[in-house]
Structures are given as C-alpha cells and as structure tokens.
Amino acid sequence: MEKLFHCVAYYPELWPEEEIEKDILIMKECGINLVRMGEFAWHFMEPRPDEIDVSFFVRVVDRLYSEGIYTIMCTPTPTPPIWLTHGHPERLVTDIYGNKYIHGARQHVCTNNPFLRERGLKIIEAMAKALQNNPGVIAWQLDNELKALVGECVCEECRKLWHKWLKNKYGTIENLNQAWGTEIWSEYYNSFEEVVQPLSPPVIHNSSLMSNYRRFSRETVNEFAHEQAQIIRRFSSAPITHDVHISFALDTHALFSKLDFTSMNGYTQDDGYNIWLFSYDLYRAMKQDGQFFVTETSPSYAGNLTLTTRPHREGFLEIEALGAYASGAFGFSYWLFRQQRAGMEQTHGSLISAWGQPELGLEQVKRVEKMRELIQPYFLRTRHKRPQVAMTYSEQARLFFFTEPLLEGEGYFETMLRLHENLEALGLHRDLIGQDASLEGYKLLLTPFLPYLSESYMRKAEQFVRNGGIWIVGPMSGYRTEEHTVHTDCCLSNLETLAGVKVKYFYPMSNTGASGRFKHLTAPLILHGCALETNGADVMGAVEGGRTPGCAFITEKKLGKGKIVLMGAMPDIKIEEGRMLWQSIIEHYADEARVTDRFTAQSGTTLIYRTGEYEIITAINGNGEGGRYLLPSDGYEIFSHSKVSAGKRELAPFGYEVVILDSPLSI
Amino acid sequence: MEKLFHCVAYYPELWPEEEIEKDILIMKECGINLVRMGEFAWHFMEPRPDEIDVSFFVRVVDRLYSEGIYTIMCTPTPTPPIWLTHGHPERLVTDIYGNKYIHGARQHVCTNNPFLRERGLKIIEAMAKALQNNPGVIAWQLDNELKALVGECVCEECRKLWHKWLKNKYGTIENLNQAWGTEIWSEYYNSFEEVVQPLSPPVIHNSSLMSNYRRFSRETVNEFAHEQAQIIRRFSSAPITHDVHISFALDTHALFSKLDFTSMNGYTQDDGYNIWLFSYDLYRAMKQDGQFFVTETSPSYAGNLTLTTRPHREGFLEIEALGAYASGAFGFSYWLFRQQRAGMEQTHGSLISAWGQPELGLEQVKRVEKMRELIQPYFLRTRHKRPQVAMTYSEQARLFFFTEPLLEGEGYFETMLRLHENLEALGLHRDLIGQDASLEGYKLLLTPFLPYLSESYMRKAEQFVRNGGIWIVGPMSGYRTEEHTVHTDCCLSNLETLAGVKVKYFYPMSNTGASGRFKHLTAPLILHGCALETNGADVMGAVEGGRTPGCAFITEKKLGKGKIVLMGAMPDIKIEEGRMLWQSIIEHYADEARVTDRFTAQSGTTLIYRTGEYEIITAINGNGEGGRYLLPSDGYEIFSHSKVSAGKRELAPFGYEVVILDSPLSI
Amino acid sequence: MEKLFHCVAYYPELWPEEEIEKDILIMKECGINLVRMGEFAWHFMEPRPDEIDVSFFVRVVDRLYSEGIYTIMCTPTPTPPIWLTHGHPERLVTDIYGNKYIHGARQHVCTNNPFLRERGLKIIEAMAKALQNNPGVIAWQLDNELKALVGECVCEECRKLWHKWLKNKYGTIENLNQAWGTEIWSEYYNSFEEVVQPLSPPVIHNSSLMSNYRRFSRETVNEFAHEQAQIIRRFSSAPITHDVHISFALDTHALFSKLDFTSMNGYTQDDGYNIWLFSYDLYRAMKQDGQFFVTETSPSYAGNLTLTTRPHREGFLEIEALGAYASGAFGFSYWLFRQQRAGMEQTHGSLISAWGQPELGLEQVKRVEKMRELIQPYFLRTRHKRPQVAMTYSEQARLFFFTEPLLEGEGYFETMLRLHENLEALGLHRDLIGQDASLEGYKLLLTPFLPYLSESYMRKAEQFVRNGGIWIVGPMSGYRTEEHTVHTDCCLSNLETLAGVKVKYFYPMSNTGASGRFKHLTAPLILHGCALETNGADVMGAVEGGRTPGCAFITEKKLGKGKIVLMGAMPDIKIEEGRMLWQSIIEHYADEARVTDRFTAQSGTTLIYRTGEYEIITAINGNGEGGRYLLPSDGYEIFSHSKVSAGKRELAPFGYEVVILDSPLSI
C-alpha cells in the first residue's frame, strides 16, 4: 500500500456543483486523501427507469483525483428511487410483525426481490463501465449497511425463496421433518410449500425453523452482495468491500469471504474503549493480510431526528484512529464531510456545517492527520503482529442466541465483549476469529458460547491440540446440533468423548448457590452450565454448593502435544470474584501454552504490536483516565522524537506513544 | 379410588418406539403409575385428512397397562395439523390487535371455527372408539390448556356467533341498547349485525360490550369442550377432565360443572407457597367430593426458548406434592418425562434427558414416590376435611376486573391471593368457592371483590345468614349490574337494603388520607371504597380523616340467626397495619361464627386436615425456612413411625409431618 | 357580559326526561347558570340517516332558560352514529401504525372524510335552524376535543387531500424536492401523487415531510371546524367556540382565530398549580379582550375504565376556579353533572351520582359558587390587567419538536412550562402569546424554543425592539427553516445579522462540561446550544469549560430604543444553579425594560391583577401548602369584608384573598 488513508463520506450530489472546489480546499487542509461516495445516489443517477447518467460522479472522481484524493465508489442499492416502489407494495421489506417498510427509508425494498436485483445490477453495470479504468477509484463498496434495520424479511418473494432454499437443503420434506422434530405440536409439514415463515405471533416458533430462517436470510443477502461484486469485477479490478457494523443481521464472515477487504463502521462513543478494540480485533482477523478499513465513525457526535450523542471529549478521535491504524486499518473514515441540510440526520456531527464553516470535529480531524503523517512511514513498513491467542467469534453462534437467548438478558456480542475485555486485561494480544478461520500460528484457542460445534470445527480444533495447542472449549459450547435441536447421544455429543468427560447435568445454574473453584479461587456459576464427570480427563475445578456439588466444572485432557480444556460452566465475571477466577484459568493455560506476547498495563490502557521492518509498540490510554504501562525494551518514540528506555511509562488521558523498539522482542 | 396417582406427561410419538421399554423401566423405578398422552399428536394420528390411525397409542396404552401404568388419554385438538390452516387464514385465531396466530403455535385455530369442530370431533370419535373398553385408559383430558394464549378471538366466525349470541341473550336490539346504555357517545346499534367486536383501538370500549364479549368467549369455548366430552361419553365411561391454570381466560367453574373432575397445572416455583395453597383450595372446592388432580408441574425447572426458571431447591417437590395430596389431589403429575429434543421447550426440566439419562428432577421425583407410598394407605381412607370458612372466587368477577381494572395495577387473582394468604395466616381452613357453589356447611362466608352480586347469589347468601352464618360482603362487591353498568337506585342496589346501610360516597380512597378503624386498630384505606351511613345496621368501624371522615367503613346487621357484615372499604394489606386490621376483623367474626377448625403455626408453615377413618394432620413448611406449629392432639407420625405428643413441634426447611391423631378433634 | 358563568356538562338524553326537573333543582342549589349539551348526541337526534329530530334539545334549552340557565349547544360530530361507519372502513381514522379506529370510540371517522363533512353539516344546520332565535343558547361549541386521540390520520382520503395540499403549497414537484432536499437517500418524487404519508415504519421520515404532514393535518381539521362555524353563523349570532386541551394535535391559535372565544379543558390535579396557571395565561392571550372559558374540569376526580385520579383535596376546586376567573375566564365549567351509568367513564367524578345523590364534588362546587357570587360584581367591572412581559408559545414550534425532539426526553410543552414557572417565580405577570400575536404594549418579549423564525415574526420583533422593547431570543430559536431544514447561509440566518453575532458551533452541550456564566453565577448548559462570537453585539455571558470555552452564550445588541438579547444556550433549570442563572438573566432585562408590574410572593403562591373600575389583586396559594405574599397597597378584602393594609400577608393552604386596592398601583 502506498499510504494510510484518511477518508470521509462525501455527498456532492446534494450540493451545488461549484461547492466542490471549496470542499477540496478543506479536505486538503485536513489531509483527507480518500472519499467515499454514491451509496444513496440512485435517483440522482437514474431519476426515471433507464435514464441513467453517471457523468456527475465521473467528473467528481476525476476532479478529486487531480487533487490527489482517491474515491471509494459505492453502489446505490440501499435507496431505490420512488419508481421501484410506487404502486408496488409487494417489493417492500416486511418484518415479522407485518410492518412494511416504505419509501423514505433505506433498504425498504427486499434484497430478494427480483426487480430490485435486476435494476440494481443495471445501474451498477453502468457505473462500473463508466469508471472502469478510472485511476481515482481505488475501491468499491457494495450497497451500505445491509441488514442494519430489518433482520429477516417475510415478504412473498422471500416465502418462495425460503421454500426453494429448504428444498435445496433438505431434498425431501421428510428429511426436514426429521431434522426439526416436527412431530412436536403436530407441526409436521407435508410439503415444502407449507413451511411457514417465522411470523409473529405464534407462541414461539420451532427453534430449527427460526435458526434456519435466519441462515436463509443471511445467505440470500450475501448472494445479493456477491452478485453485485461479480458485475463490478467484469469491468474493474479495484478491490471490493461492504461496510458492516457488529450489530447487523449478517454473516459477515461469509460475506467478506468473497469480497476483497473488510470494512467496519465504528461510531463508538468516547467511553467505548473495549468496543473499538473488540471490533478491530474481529475485522482485522477476517483477512489473512491483517488489514481492514474503518468506513464510518463520527468526527464529533452522532445524531438524527430522534437522538444525539454527547460530543467526544478532546483527544478521543486520535486514539480511535491510532488504535485502528495500529490494529491493521489501512484507512480511517468519517461520516460525514458536510452536515446534512435536509432529511433526517441534520444533527449528526461533520467536518463542516451546512453553511460551510468548521464543525466541532474539524479540529480533531486535523489532529488525527498530524498523527497519521507521523506514523505513516513506520506503519507502512510493518503489519499488525499476529497474536498467539485466538477466540472464536461466530455469526452462527450469534444466530443461535437470537433463536434461544440463554444469556440472561444479554446478547452474544455483549457476552463475548466481556470475555474479550478480560483477555485484554490479562495483557494478551488476541484475534477474534471466525469459525472457519485457520488456527495456524496460534498457541491458545478459546471457544466459548458456540452452541453448535460443526464436525469441521471439531476436526480443526483437535488437530490444533494434537499439534501442541491448548483448546479451552466452553462454557455453553456444543450443546445443540446444527439444526438447533438437542443431541440424543449425550449432552455435548462428540465433544464429550474428545474431552474425556461425561456431562451429568446441563441446567440453569444462576442463583442456585453453585460456585466454581479453580486453585484457591471461587466464584458463583451462572447461565446454563454442565456439571461434569470425568471419563479420561482430569478435574481442574469443581462445582461447590448448589444442586450438583462435587461435579467438575473444568477438566483437562492431554491429546497429542496439547490439551483440551472443557470449561463446563461460566463464572459470573460481572463481579470481581468471577473476573479473578476466569482470568486465573486463562492465565494458567496461557502459561502452559507458552504464550509470550503479553504486555503489562493499567486497566484502560492497551498495547498493540506491529512487526516488519521494525517492531513497533503502540501504547494507548483508551479510557480517558490516563494510565501506566511497561515498555519492554528501549526504543525511539516517534511523537516526542526521543529515545525512551524500557520500564514504566505514563500516558495522559487519551494519551499515546508509538515506540520503535531498538531490538526485536524475544518472543 | 384404588391408589394415589403419580403421573407424568409422556410423548412416545416423538421417539423411536423401542424407547418405550426403557422408559417403562425408569417409570417403574420412580413409581410412576399413570401417564398422560396424546394432546399434541393430531398429526401423528391423522397426517392427512381422514387418514386416521390411532393404533400406536392403543399399543402404548396396552403396553403400559400391562406394566401397571394407567393412561389419561388426551384429545389432540390444541395442535391442528398443517392441513387445517394451510391456505385458510380465516380459520386462525385473531386477537384484538389484528394479529393472526399461525401454524407452529398451539390453539392457533379458533375453537369457534366449524371446520375445527367438525374435524376435532372426528379424530376424537376415532380415539374414543379405539379405546372404548380399554382398561388402561383411566380418564380423558380434553384438549390442553384452552385459552392459555389468546383471551378473546375476533375472527369472522366469532363475529357471526357473537351476533347470534347477543340475539339469543337480548331478543331485541332495543333491549341491548337499553342494557348497555348505548345512547352514550352515540354508540346505539340498529341491529345485532352492527354490534362491533372489541377490537383495539377505539378509545376504550363500552364496559357492557367488553364484559359480554368476554362472557361470549368463555361460554363458546366451554361449548367446544363439552361437545368433545359428549362424543367421548358415547363410547367411554372413563371420567373426563381438562387441565387449566389460574391465569387462563376461562370460566373454569362453568367448564368443570359438566366435566367429571377438575385438573390444574401448577408450575409454582419454590417460593410460591401461597400460590399452590390457593390453587389447591380453589380446584378442590369445585367438586363435592373434595378431590382434584394436578396435571402439570415441573420436576425441577421450567423453560422454553425464551426463558428458564431457577431449579427448585431440594425438598420443594415433596411438599408441593404432599400439599396436593393432603388438600384432596388424587394424583400429581409432572411435565414432562423426557426432555424435548426439538421444538421450543428444550430447556424445560424433565425426568430424563433427551439422551436418556437422569435429569436434575429425577432424584426429587423418587423422594416424592417414597413419601407417596407412605401416605397412600392413610389418605385413601380419608378425605380433605371440609372447612368452615369459604371465600367466593369468581371468574365472573375476574372478568369484570379485566374490563374495569380498579385494583390499582393488580389483577383479581393477585388481590384474592393476598386475602387468602391472610386467612391462612389466621390459621383458618378455607375453601375458595365459585359463585354458584352451595354454602351448606360453612359458618363464615367472605365475598370480597365481586362487582356484580346476582340475585341468586344474594338469595343464597341471605339464606345462609338467616340460618346462622356470618356473611362478610365487600369490599368492592355489588357496585355494578350484570351488564357492567352502575346501579341507578343506589350504589349497591339491594345489598344496601339487606345490609341496612346507605352508601354516601363510592370513590377512590387511596392516598386521600382516609383510614379505617376497627376496635383499637387503624390502617389506610385504598381502592374504590364506600363511605357508609347506617340504615338499620350498626357501625363496627369508622372512616377517619380523608374526604369522608365520620362515615362507617364496616357495619353489621343481624338477620335471622346470623349477621351480614358490610366491609365498605379495603385496608391496605400490603402494609403491616393493614394486615393487622383486616385479620382482626376476620378473627372477630370467625369467633362470632364459632369457627372451630383453626390451627396455630408460624407464618410460612401450614396445617391441612383430612378426615374419615382417621383424623389426619399434615403439617408442611412451605416457605423453605422451617417453622413451628402446634399439634392439637397426641398421635402417630407416619414418616418417623413414632408416637408424637400434642404441643409445639418444629419442621425443618421444606419439612413435613403427617400425624394420625389419637382422638378426633373436638371440632 | 352580564355575569360570571358557572357551568356544567349535561347529558339529559341519557336519562328519563322527567329527571330534568330534579336536575334543575340541584343546579340551582349550587348556582349553575349555564350548561353545555349535545356533543355526543348525534344518534339521539338522527338515529337513521335524515330522520332528524332536535326537538328534545329545544325543549331542554327552553326549560333550562325558563329557570335562568343558559345553554352552550354543541355540534355532535365527534360521535357519528353507526350508520356512518358500518360497512365503511374507509371512513375510519387510520393512524400511522395502520390501526383503524372503530365505532364505540370518539372521533373515529376522519374529519377529512367527505361523507362525514356532508352529514355533519346537515345535522348542524338542522340544530342551528331549530335554535336560531333561542335566547337560551348563549353560545355554540363545535364538535368536542378535536384531535384528542389520533394526531395524524393517514386514510386514503387524507392521502388524496395531502397531495392536493402539497400541490397547492409548492406548485411544482420540483419546488417540493428542492425545499425538502429529497436527493437525500434518493427520496426524490416525480409527482405529487408519489409523495408518501409518514407511515410507520420507514427508518425516520424526512423532517420536511413530517412537519408538513403535521401542518396539513392541523390545517384541514381547522377547515372542518370553520366549515361548521360558517353553517351556524347562517342562522345564529351566538358566539362560537371549541374546547381544547394543551395536549391535542391542533394549531389552536389558527383554530381560534376564526372562532369567537377560546375554551380550554383543564383537568389539572390538585398538585398542578403551574399547569393551570400556564393554561390560563395561554388561552386568555389568544383573544384581545383577555377573556376565555374553562369548558371542562373535574369537580373531584377524573376516571374511566382504566384509571382514576386521586380526589382533589378540599379547597382546590375554589382556587382552580378563582384562578380562572381572575385570569380572565368568564365561565368555569365541570365535567359532568351526573355520573355515567354506562359506557366507559363510570368512575369519573360528578356533581351527583348515577342514583341522583350528591357526589364528592358537590360540596366543593357549592363553595365555588359562594366565592363566585362574591367576586362577580368586582370582576364584571374589571378585566385581567395586560402584562408587560410576553413569551411566545407556538403550536408551530411544538410541531417542530414532534418531528425533531431535541429536548432530551421532554416535550415542548413541558419545557415551556418550566420557563413559565420561573417567570412566575420572579413575580412577573406574563402572557403566553402565539407567534402571530401583536406585541403592542409589552416591554419584554421572550422567544425561546422557536426553531423556525418566520420573516413576519422577525419583522415584528425587530419593530418591537426599535420601539424600545427588549427581545430575549433563544435558546434554540431560529436554527431551522420553514421547511424544517438547516439554513445554508449561517446557523441562525437573518437572526445572526440582526443580533450582531456569529454562531461558531451549534451542538449538543449536555454533559460536555460546558457552563454558562452571567454576572457571578454559573450553571451547566444543556440541549443543543450555540457557541457565539460577536459581530457587533456585546458579550453578556460566556461559555466556560466543555468543548467551546471562551465563546459567548448570551449577547446583547442595541437596536433603536431597545435591545436584542440572544440567549445562545440553555442553563439546566432542573437544578437550583440553573434556575438562579436563568432568573438572574431575565430579572436583569426585566429591570432594564422597566417592567413594573411585579409581585412578591412565596413560591407556590401567586398574584393576579385585574384592572378597570378598580385595581384588584387576587392572591392565591396554589400549591396547597400556604404561603406569604406582599400586598403592595392598602385595600378592601372582599371575602373577609375588611380593610387590609399593605405589607406581608399570609394565606392558608389553598387560601385566597381578593383585595380591591385603595389606589391604583403606580405601574
């Protein structure tokens, strides 16, 4: 890559064309070298069917490029013009409550609608053709924030495709009935055409039906995206991405597997330290090159007609950006350049106001640029150093917890976030990896909260263990089948054999008085947990009190050169005792696995390692309270242009340092 | 009866047929002598219209019977196969918000739908024929948990029947208009066909319309049940029941009046001491023989895809069962035998897991069985001793409080539960009786929160008083007409004459500063209350402070050999002062009525009396904290096989004793 | 006017005609000299189409008049008979969620429906004809509580009218697209017919669309009312009104501009001191004569099937009424005379019960009458004294805050209420004036929370300043265009020039650490605020801390003989510091503006001035806790019939005095 990108979302189609010249001046003043355009401009490019004219955007791309500013060009499918829906309610997204989304919204046309697909590909083809050899277009973005609003659509078109999808998956209706156990409540279907969509309300739908409908929805929306990519690739070799947020109803791993790079929307507030760190660890690990892009975040505050967030404290924007660049981002982008004058997002922070004057965030953006310039030469010669610890974060797991929310009021993300936070607190560098990711190079693998362990995952993890890795599996992993039913051989099926245990009981442990003990520490056990008996494994921690005292809650078993550790139940890490217990277990196994890339820092301060021509440590105070860390080696700090010595160092609130180490770490 | 039944819900249709043999072994191991089957198996028996085959269940019944296990056979109407609804949305239940229930749910077809009725009777006829002389079938259950989900359906079929029902009730539309006062807001109807269903939203519907629609719904669903019973009776002489829960939108008294025994679903958690006691007092009193059946309760914890309850503490299951048996239950049944592997209730506790191993509840079930074996000979020779105190619990009253929820955020059940709890705290044995129940044998009758006092109820109560009973009527009884309008002669109509009072004001007393005084006690008055003047009666308690100081709030009047006591307003029994005041009033009149069957026990511990060949006292610690009670006479305690002396005794947490008294109590 | 009216809502059509004689006796006993009738009696007068007979009401009017009781006759359009809607769902109001209101409700037929309009005018014409020269009819009320339930209807008829309204407003669709900025999200419309109604759900609708739909709704419902008035005026010269509540979705200023007097429904509870004071200040100021009417308030407590309020404490009703009469009310009316026996408002307090006996409120009503008799001669010879301070309360502003609720969880009314409360606490007499009101006679004008400042408002305010007035504009005024978009010249457009400032930033200030300083006081700034730079103005208060320290938050600029004061941001007046800061600013400018009509009273006690033949001070303790005030001059107190001296005086809880001053105040 030639540079670290500093980017902003740009809507020139909303303003008089002559404003562009003024805009370019401001962009250059704050180091913007990339813009993202076009995602909502379908009407602008095709006001009436087939009256397609994309010349405006070609002009803008060219003009920007002539000033050294690249473009990420977006396909405009999230906002179909009125002619796609006027008089055609059947094309609208229908949610499970029967609500139809209408014009004026985004993504109100079902992405499974054939007319949308046809017309979408047409406008995209026109754009791709017009921009095919344009050096200004450095990348493409497909649509915008797919499935941000409505998880599952249940329109008529989806109904038909659902039946087709089921037929394709199960072959015969009898297979489906068997897999889903539809004799229950006489749910049995005689044909695929009869299978209902999970409309509200029945009582609760069959878990297999619900999880499969969610899969169907995720697969078909990915198909929509991949179709778009295919068209673009016929004309353009620029890499293709899509911008996601962790909360969307997508299978992001599958989505990005066929795209060229991952992009994420941040929008964390200034107290969201753990959230941005989590996101960077997740989206970076989706691609082997350890790179990703931050597509959207607010330069100051977020807002729309119904709410506004608090403006960031000074300094936050720099650490949000530096954290991204250090973690592997090759670009960092704001939403948006100029405040909207109309619509529904007038109160969202921007670089300049609707009347062309600096907005609150602009000064911060300039500070980001200063930082970016300084880090650029060093970061371009290094990449994020691959961690030795990985934790599986699975969209399939998230989907299971939507269907069967056993996390006592929290979602999968929140639960995983808390685990991630505790890994970070232990000073462990970590990747959040998809369930299909390679385990190559890791020493310690955590697999919590993965209700269904696929055969391929099991095989991969077993191999990882045999090769010397330590695999901590559980809590709440492996207790459901692929079809979201209960195993009938034993609670955790093959995992029990592999881990050398027998699950005696699997039950809701919260508030039953059950505690887990590991070494000298104890803490209450919560959520659904396994009371274990061993069958080849060794007991490493026992359940005390409650309904199943004397059972194990952690076991370990040697396998090849490594170990498989079954964590049967979850200590309550919302309280201090639970955190200590959980961290003590992880630390114990990190030691055993000889995980060497660890750092020491006060809570709220983190260290990120890059490697390549140099070893670089980026230290960031993320919680805005300042904090100390331990520099492991002498080096050169680039912002102070000074030599620094190994040992304790102190960061101001939202303070940061980038140290080029004198000698590579002995790790 | 030949035995006390120990029962479990069984779904052999969901598992390979060969599993039955293993199941029988486990059942026998824990003393199961009865199973309940078939309620969701309509598809299994009739996969396509008229392809009826019930031979599987006949085989299972026979096999179980050959092992000494009886069957309650259920009609499968709660879960119609897909062929009843696919392509027929008009058959689906429609709630007042316009939501249609769909396949995958239970009771999603309207019970007023003629096609459901026709097809339901057909499958039932086939079952009844096939099992008509089968000695294994000891009883029938109709459908399952009618009206558990949707109170009132407003489908098109219901609309037609509603108009017919109204015509039948009122004869002419003018009668309806007069009764409902429809000149108000120009609601007036010119024909029955115009009368709306209480769809949401208008503002609020006319109270007469709402209460009558609720009656219509309750009457027609009972008609559905009674039609089923009629068909079964053509072939089988086994008794017929239905399983209800206190929360369903049913008139249970009317339902069971034409069935053979009452069955209730419990599902109380281990802190639900007052709830199970309340239920047992209610369902027992529905039949003259003082018997009932507990159809469903969880052996350990309840759960479905969206929530799970905390597992019972050890010992709770025994006292829940012993309380039932002692209170008149001839059977006690769990839901369910084997954990569901699919569907939506996978997380519900069971006897064995989906993989055939003991579940958390199994050990507790075995302890219940041990207890059951010991009590059986004694309980079979006695019956629950009829109490001298009765409190009217009326589904009609409950219906009025749905229409006009004047209980400040609580429902009728919760309000009555609190009163019942205070009766129990006074050591008073009590029945909860329907409004049509005989008053024969009672000495003290309480009639609180019965907005409409029918003429027949008034006549019966008056007779009860003339014969020497004491009738405490109110608070909040008699202030509405049958049509849910206000009386226009005086506030409480005939009750004022009978009780010798004049209601000066009837108004919301909460937070107005009004207190009630009885003897030396005072407490705040809440809810809508009557400020009374006497007109033949004596003032027994006065209102102090607030807006109507100096009025009476309790009066009494002699009538024949008894007394009618009007409790004009409700002391706040959520606070200690209110409880003391209320209990002091009831105790005063229990003394006057010479109520002799009272016990002394610490709060949370109760005594239940049985009588027959012996007098038996069952003492139970229900709150799990242990407690003392006073044994009124020497006797023989069956669990310790030892003689015990009259006087103070102590129970452990969830402890219990069953004492055969040496001599009958002098009561 | 000949008298102060004492009025009650009367429904003789709901009771046997012979009851009228009894009713008249009771009315006379408590001084009722006016009734309001007919608003729900459409069916009674026209049971079937064209079978119109209004003779009953003519008889009642005549009979009442013969007893000295006048009538306000209401048009019955809120409750169309069943024949308007049976079989005609298309006539029903449809809310944005798709819910249709149905028969049994009120206002369930869309007021834009042509059939309703036609039939409504017909029945009104019949009434107006029949009562045209009737001396008993002293006024007319149109419909009842328009838009009390559903803000905006989105039925098909509304859709058509919406398109017509848009065409009329914008001429060409291109104008609309420009004005609304519909290029955003490709919302662009090619024809008026395509413009959507703001159905739920899209994400959020375009702000211009939402605010305009609200205007459309308000204008067309006013058209409905004004059409009714026109018909009545063809036959009757009696003045016409409508009864509103502050919460309805109406433009009351526009509504009353074409009616003859304003009427308001109160229903404040006894702790609603500031609310009734606010309402009286608002509805009085709508008409130049400083008069208004209180149409509805409860004599004791409010209630319907779903809730009941606490009965008023003793004495409250008198001060609610006295406050009204003193503030300019020429009549004070209760809802309702006799408790409803049927329907949905049986639990609402009344003068007499359904059985004809005194209700809780009756005694209070008699006390009101006693008071009214004493004040009548004095009040008829005076009028409310025009205040020197005015604050603009705009239904257009309220509408903007519905579309874009930037008030952090509060509504426009609640926010303005708090400001009004603080004006009152400063002892400032004040009018709440519409945005089209004349500023003649005021010295100090406050214009807070008016997002759009129209040109005519700006011109008027500028003239006011040039003539010597002080205009405090802001916070949150002028930051949106008429079309609910953002200005593109500068933040506040022309206001910046006029006020001599430049808005540097306009952003959400809450919780950013920003404080405002004025003189020696500081307090946190909240909501969206302007950080100001001056451009001709003087800084009067600075922003301290937060993101924009050093900017101004209050500036002033001389203009002609007066001053324009820009309050850029809002101190948090929910806390004491904020109240002190805000009050100190207002007091400073009230002094500068030489506002002389101020009073001194303890918080919770207020003084109201009347002027005319005498100067009268009405002192009222409104919070029910009693309080002191300073009588500015010697005088005669009418209730004690005694001379009183200037100086401190004390009022009991809900106490009051009316003092005829010996000499006019020197103000």
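Just so you know, these numbers come straight off a predicted model, no measurement behind them.

Concerning the overall build of chain A
Regarding its fold elements, chain A presents 16 helices and 31 strands. Relative to the globule expectation of 26 Å for 667 residues, the C-alpha radius of gyration of chain A, 26 Å, shows essentially globular dimensions. Taken along the three principal axes of its C-alpha coordinates, chain A extends 75 × 75 × 40 Å. Put simply, chain A has 667 residues, and 67% of those count as buried. Within chain A, contacts between residues at least 6 apart in sequence are counted, and of these 72% link residues at least 24 apart. Surface summary for chain A: the accessible area is close to 21500 Å², and the carbon and sulfur share equals 49%. Both charge centroids of chain A, one from 66 positive and one from 83 negative side chains, sit 3 Å from each other.

Considering the sheet that holds strand 3 (residues 70-74) of chain A
Residue and element names in this part refer to chain A. An order of 5-4-3-2-1-11-8-7-6 is seen for the nine strands of this open sheet, with the pairing classed as parallel. Lying at the two open borders of the sheet, with one neighbouring strand each, are strand 5 (240-241) and strand 6 (243-244). Sheet topology places strand 3 next to strand 4 (residues 137-141); four bridges connect them, and they run parallel. Directly across from C74, in strand 4, lies its bridge partner Q141. Contacting strand 6, strand 7 (263-265), strand 8 (292-296) and strand 11 (329-334), helix 9 (residues 273-284) crosses the sheet at an angle of about 130° to strand 8.

Quick word on the relation of the copies chain A and chain C
Placing chain A over chain C gives an RMSD of 0.0 Å and needs a rotation angle of 120°, together with 0.1 Å of translation along the axis. Such a turn and shift between the copies fits a three-fold axis. Considering only C-alpha atoms, the part of chain A nearest the rotation axis is G98 of chain A, at 6.1 Å.

A closer look at the domain arrangement of chain A
All names here are of chain A. You can read the domains of chain A as domain 1 (5-77 + 111-151 + 212-381), domain 2 (156-201), domain 3 (389-592) and domain 4 (605-661). Distance from the C-alpha centre of domain 1 to the C-alpha centre of domain 4: 30 Å. Between domain 1 and domain 4, the contact holds 22 residues from the first and 23 residues from the second. Taking both partners together, domain 1 and domain 4 bury about 1900 Å²; carbon and sulfur atoms supply 70% of that area. Among the residues of domain 1 in contact with domain 4, Y273, Y378 and R381 are the three that bury the most area, contributing 33% of the side total. In this assembly, domain 1 and domain 4 are joined by one salt bridge. E613 is paired through a salt bridge with R381; the nearest N and O atoms lie 3.8 Å apart.

Some points on the pattern of salt bridges
For the structure shown, the criterion picks out 149 salt bridges over all chains. Linking R159 of chain A and E156 of chain A is a salt bridge whose minimum nitrogen-to-oxygen distance equals 3.1 Å. With a gap of three residues between them, R159 of chain A and E156 of chain A both fall in helix 5 (residues 156-170), about one helical turn apart. The closest approach of N and O atoms between E483 of chain C and K169 of chain C, which form a salt bridge, is 3.8 Å. Of this pair, E483 of chain C sits in the loop between strand 16 (470-473) and helix 15 (494-499) while K169 of chain C is found in helix 5 (residues 156-170), placing the two residues 314 residues apart along the sequence. Note on E483 of chain C: relative accessible area 13%, which makes it buried. If you follow the salt bridges from partner to partner, you end up with D281, R284, R386, R430 and D431 of chain A in one network.

Some remarks on the interface of chain B and chain A
Between chain B and chain A, the contact holds 51 residues from the first and 50 residues from the second. Across the chain B to chain A interface the summed buried area is about 4200 Å²; carbon plus sulfur atoms make up 63%. When the buried surface of chain B facing chain A is broken down by residue, L305, R341 and W355 of chain B rank first, second and third, together holding 19% of it. Its salt-bridge partner being E314 of chain B, residue R547 of chain A comes within 3.9 Å of it at the nearest N-O pair. With three residues, the top contributor of residues to the side of chain B that touches chain A is helix 2 (residues 42-45) of chain B. Considering only residue class, the side of chain B that touches chain A consists of 23 nonpolar, 18 polar and 10 charged.

Focus: the environment of S456 of chain A
For S456 of chain A, the location among the structural elements is in helix 14 (residues 455-466). Each C-alpha atom, one on S456 of chain A and one on R117 of chain A, is 34 Å from the other, the two residues being 339 residues apart in sequence.

With respect to the pairing of strand 14 (residues 430-433) of chain B
Residues and elements named next belong to chain B. Neither face of strand 14 is exposed, since R430 and L432 on one face and D431 and I433 on the opposite face are all buried. Two elements, strand 13 (residues 389-392) and strand 14, share four bridges in a ladder whose sense is parallel. Counted as the bridge partner of T392 is I433 from strand 14.

What counts and how
Residues numbered from 1 in each chain as written. Chains lettered and ligands numbered in written order. Predicted model: local features only at pLDDT ≥ 70, side-chain atom pairs only at ≥ 80, totals over all residues. Heavy atoms only, no water. Helix = DSSP H or I, 4+ residues; strand = E, 2+ residues; numbered from the N terminus. Rg over C-alpha atoms; globule rule 2.2 N^0.38 Å. Buried < 20%, exposed > 50% of the residue type's maximum accessible area, 1.4 Å probe, protein only. Contact = heavy atoms within 4.5 Å. Areas by Shrake-Rupley, 256 points an atom, 1.4 Å probe, with all protein chains shown as cover. Lys, Arg positive; Asp, Glu negative; His and termini not counted. Charge placed at Lys NZ, Arg CZ, Asp CG, Glu CD. Pairing = 2+ DSSP bridges. Axes fitted to C-alpha atoms, helices over the stretch in contact; angles between N-to-C directions. Least-squares fit on C-alpha atoms with pLDDT ≥ 70 in both. Domains from an automatic or database assignment. Buried area = accessible area lost by both parts, 1.4 Å probe. Salt bridge = Lys/Arg side-chain N within 4 Å of Asp/Glu carboxyl O. Nonpolar A, V, L, I, M, F, W, Y, C, P; charged D, E, K, R; others polar.

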